[in-house]
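# Fold and contact review
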Amino acid sequence: MSVTDVNAVTPTTRDVVVTTLRDETQIWLFVAKTLLAFFLTGWLAMRFALDQPSTAMLTTILVANRQSGMVLAKSFYRAIGTLVGALAALVIVGLFPQERVLFLGALSLWVGLCAGGATLNRNFKAYGFVLAGYTAALIVIPVVNNPPAVFDAAVARVSEVLLGILVSGVVNDVVFPSHIRAIMRRTAREQFAHFMQFVERAVTGQTARGDIENAHLRFVRDAVTLEDMRSSVIFEDPEARARSGHILLFNQRFMAASTSLQSLHHLINRLQRNGRNVPAKALIELYAPLGEALDIPIDADTSAKCILPRLDAARHTIADHIAVMRASLQTDQDIQDFDTGADLVHRFADELYAFTDTAALLQTPGGITGSAVRIRFTRGNDIYGAGLAVLRASMTMAALSVFWIVLAWPSGASAMVIATVFAGLFASSPNPIKAVNSFLIGYVLGASASFLCEFYVLTNMDGFGLLVAGCAPFLMIGALLMARPSTTGIGTGYLIGFTNLIALKNPMVYDPVRFLNETVAQLVGVGSASIAFTFVPSTIGSPWFLRRQFERLRRQVCVAAEAPLPGLLDRFESTNHDLFSQIVAQTERGSDASRSLLAWALSVHETGRALIQLRYDLAERQWPEGVHRAIAPAIGALAKLYENPTTPAYIQARDALIGSISQLNQFEGTQPLLVHLHLIRLALLDDKSVLVDYMPRKNQSDGVSHAT
């Protein structure tokens, strides 16, 4: 059975109806809360006599989300971005109050740097960088001819945004709140159950090699998805924040156990292909207690605490059997193969137990006592892609600045602001042109709706109650589009265009000339962002990006070989998973690129993890100086091979490994180090691995004999 078929159940008609009704209810609840936050913010902004109530109202649109935690997370980073952008605006005006060219140049550079920062972050942290960029533009551009007014403009902007954030947070947390923490708990439980089911099938021989490798795709997605949820759920309540460190630990232990499982099965497959059936059979028998321990019904409702005693008993059984099985082997080669595999089995059993223990802790109701081990989920970012984002956003701002200065267009400031917003907002999008065009469609629709509402509806109404009645139907259209995944971009563009152009305030000003000028200017701004992405395309998803990310993934072996040891395993696992996830999202499933990615990812995981364990063992005790000298050439040659894989580099790494193993055999007590080198050597000589293309043709058949 394929891993994708596990627990596949054909939904009944009742299930489909219930699911559809639940989804529709959630959509309409989202629409209702969005409109409530929008109009309540507008009423308060008018009561407080804020300069631009529409800015506060627009904030409620921009932070809207079905999940309360997502609203709070986005609001937090929007507040931080707004404050930083306001401070940057004051600094830029203070430095260049009378120098128009230097002033606009500094602003363009600031916006570009913020766009670049957005590409180096994920989730709403990226949004905070975007806000810091275009908030500065929103504040300083309208006062470019009146620098002393910048402080008042900054205070007004911050006040309006914070009001919208406050109202949205209260509405989403009080009115039928939908908390992401419940979804995250369920996701963590399902992740635990799926992995345990998979382990049970894998160790009992019910899963084919191909399915074991394909399962790695799911493990990567699960790890990254859980980290994305964790980064948002911490804003919901104290309990979520208290559990944050343990969720990170849960994720790290999940990644470590999945990597060890992959390495163990690759080792056994290599032994079987090379005719080493005796040690392969012994290893299968050695980890059999794990399958017996997990031979119980396991699903998302299963308590991890109930599994712990069974896994603990299996660990002790494995430890007791290692010496007995080793004594039954006849040849030195069988013993070496068995020792290598036994070390993996022992490590995997310990990691599986630790993973289950953390899952049991997370499943405990109430608060968690004690603190988790400090873990950090490290992302794999591309600095050159960020550099292009800086260039694109800065060039867009600079070009529009020149356009504005030359033509002296009164509405040129609006075009610059909108271009700034979209150039930064989609800097990290995998298909920015498509995203901008979706927003442009929504913007045109929103502008049309705004014109109808302002000049044909609101002109016949008086009072805030009738203003709500007149605007609500138009806003509802955009909120419905925004709530559906397939039209989110169009809906968001619609609502932004509608809110920006109708510019609700007290009292309302009905000026068709201003409306048309602003409409043209803002559409020019959106179009300019689209043109910018055409001339300076995003690297995300491009062949150049994929090639660079492949190179970064390979260079993770260099990190494993050379980086400082404290926290190295956590950084290695999380960065690998993040890089892998980024590339998977940009490759077609089942394509040659996807298969190559999977092969490289597995090779990097296995070799890098073995190198890290080798370095940990080297650092744990005092070894004779000759031991370090014997191992150093092999570590260096492996790093060079993965940094720039070629046939000469492969030969050098292979020979260095053989030489290191030969020298270590001359020292007493080096078996813990030899098992890691032997595992790497078997992986290097595997004629089914991704490195087969770099093996010398005439020696490919010899590689099998080396492995034996």
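Scope of this entry: the structure provided in the associated data block. (Residues numbered from 1 in each chain as written. Predicted model: local features only at pLDDT ≥ 70, side-chain atom pairs only at ≥ 80, totals over all residues. Heavy atoms only, no water.)

### Observations regarding the pattern of salt bridges
This is how it is decided: Any carboxyl oxygen of Asp or Glu within 4 Å of a side-chain nitrogen of Lys or Arg constitutes a salt bridge here. The numbering of helices and of strands both runs from the N terminus, where a helix is a DSSP run of H or I of at least 4 residues and a strand a run of E of at least 2.
With the rule as written, the count across this model stands at 13 salt bridges. A salt bridge links Arg 609 to Glu 351, with the shortest nitrogen-to-oxygen separation between them at 2.1 Å. One end of the pair, Arg 609, is in helix H22 (residues 592-620); the other, Glu 351, is in helix H13 (residues 332-363), and 258 residues separate them in sequence. Within this structure, Arg 270, Arg 273, Glu 606 and Asp 686 form a network of salt bridges that share partners.

### Overview of the packing of helix H10 (residues 277-286) against helix H12 (residues 304-328)
Rules: A fitted line through C-alpha atoms represents every axis, and for helices the fit uses only the stretch in contact; the resulting angles, taken between N-to-C directions, go from 0 to 180 degrees. Roughly parallel means an angle under 35 degrees; roughly antiparallel, over 145; roughly perpendicular, 65 to 115; everything else is oblique. Handedness of a crossing follows from how the near helix is turned relative to the far one, being left-handed for an anticlockwise turn of less than a right angle and right-handed for a clockwise one. When checking whether two residues touch, look at their non-hydrogen atoms; a contact exists if any pair is within 4.5 Å. For this classification, Asp, Glu, Lys and Arg are treated as charged, while Ala, Val, Leu, Ile, Met, Phe, Trp, Tyr, Cys and Pro are nonpolar and the rest, including Gly, are polar.
Two numbers describe how H10 lies on H12: the axes approach to 10 Å, and their chain directions differ by 160 degrees. In terms of their interaxial angle, H10 and H12 are classed as roughly antiparallel. With respect to the hand of their crossing, H10 and H12 are arranged in right-handed fashion. Here Ala 282, Glu 285 and Leu 286 of H10 lie close against H12, whose contacting residues are Ile 318, His 321, Ile 322 and Met 325. Residue classes in the contact of H10 with H12 are distributed as five nonpolar, one polar and one charged.

### Some remarks on the side chain of Asp 617
What counts, and what does not: Throughout this description, buried means an accessible area under 20% of the type-specific maximum (1.4 Å probe, protein chains only), exposed means over 50%, and partly exposed covers the range between. When charges are tallied, Lys and Arg are placed among the positive residues and Asp and Glu among the negative ones, while His and the ends of the chain are skipped.
Tracing the backbone shows Asp 617 in helix H22. The side chain of Asp 617 sits in the buried core without any salt bridge; Arg 347 is the nearest counter-charge, 7.1 Å away.

### Let's talk about the layout of surface pockets
What counts, and what does not: The rule is simple: put a 1 Å grid over the protein atoms alone, call a set of points where a 1.4 Å probe fits but cannot get out a cavity, call an open set with protein on both sides within 12 Å along at least five of seven lines a pocket, and count a residue as lining if it has an atom within 4 Å of a point. Grid points are joined across faces, edges and corners, and a volume is the space filled by probe spheres set on the points.
The computed volume of the second largest pocket comes to approximately 1000 Å³. Gln 52, Thr 55, Leu 138, Pro 142 and Asn 500 are, among the 38 residues lining the second largest pocket, the residues nearest its centre. Secondary-structure elements contributing two or more residues to the lining of the second largest pocket are helix H2 (53-62), helix H5 (123-140), helix H6 (150-174), helix H15 (412-425), helix H16 (432-457), helix H18 (488-502) and helix H19 (512-535). Element by element, the count of residues in the lining of the second largest pocket is highest for H15, at seven residues. Broken down by class, the residue content of the lining of the second largest pocket amounts to 23 nonpolar, seven polar and eight charged.

### Concerning the packing of aromatic side chains
Stated precisely, the cut-off is as follows: In this analysis, rings of Phe, Tyr and Trp, with Trp reduced to its six-membered ring, are considered paired at centre separations within 6.5 Å, and the interplanar angle assigns stacked below 30 degrees, edge-to-face beyond 60, and tilted for intermediate values. For a ring to carry a charge above it, either NZ of a lysine or CZ of an arginine must fall within 6 Å of the ring centroid while also lying within 35 degrees of the normal to the ring plane.
By the definition in use, this model includes 15 aromatic pairs. Pairing Phe 451 with Phe 455 gives two aromatic rings, centres 5.1 Å apart and planes at 50 degrees, and the pair type is tilted. One end of the pair, Phe 451, and the other, Phe 455, are both in helix H16, four residues apart, so they sit about a helical turn from each other. Since its relative accessible area comes to 29%, Phe 451 is described here as partly exposed. Among the residues examined, Phe 455 registers a relative accessible area of 17% and is labelled buried. Three or more aromatic residues link up through ring pairs in this structure, and these residues are Phe 192, Phe 195, Phe 250, Phe 254 and Phe 355. Positioned over the ring face of Tyr 353 is Arg 315, at 4.3 Å from the centre of the ring.

### Some details on helix H25 (residues 671-684)
To be explicit about the condition: Helices are assigned an expected span. That span is 1.5 Å times one less than the residue count.
For H25, built from 14 residues, the straight-helix expectation of 20 Å at 1.5 Å per residue is met to within 8% by its first-to-last C-alpha distance of 20 Å. Of all the 14 residues making up H25, twelve are buried; the element is thus mostly covered by neighbouring parts of the structure. Among all positions in H25, only Leu 673, Leu 674, Val 675, His 676, Leu 677, His 678, Leu 679, Ile 680, Arg 681, Leu 682, Ala 683 and Leu 684 are buried.

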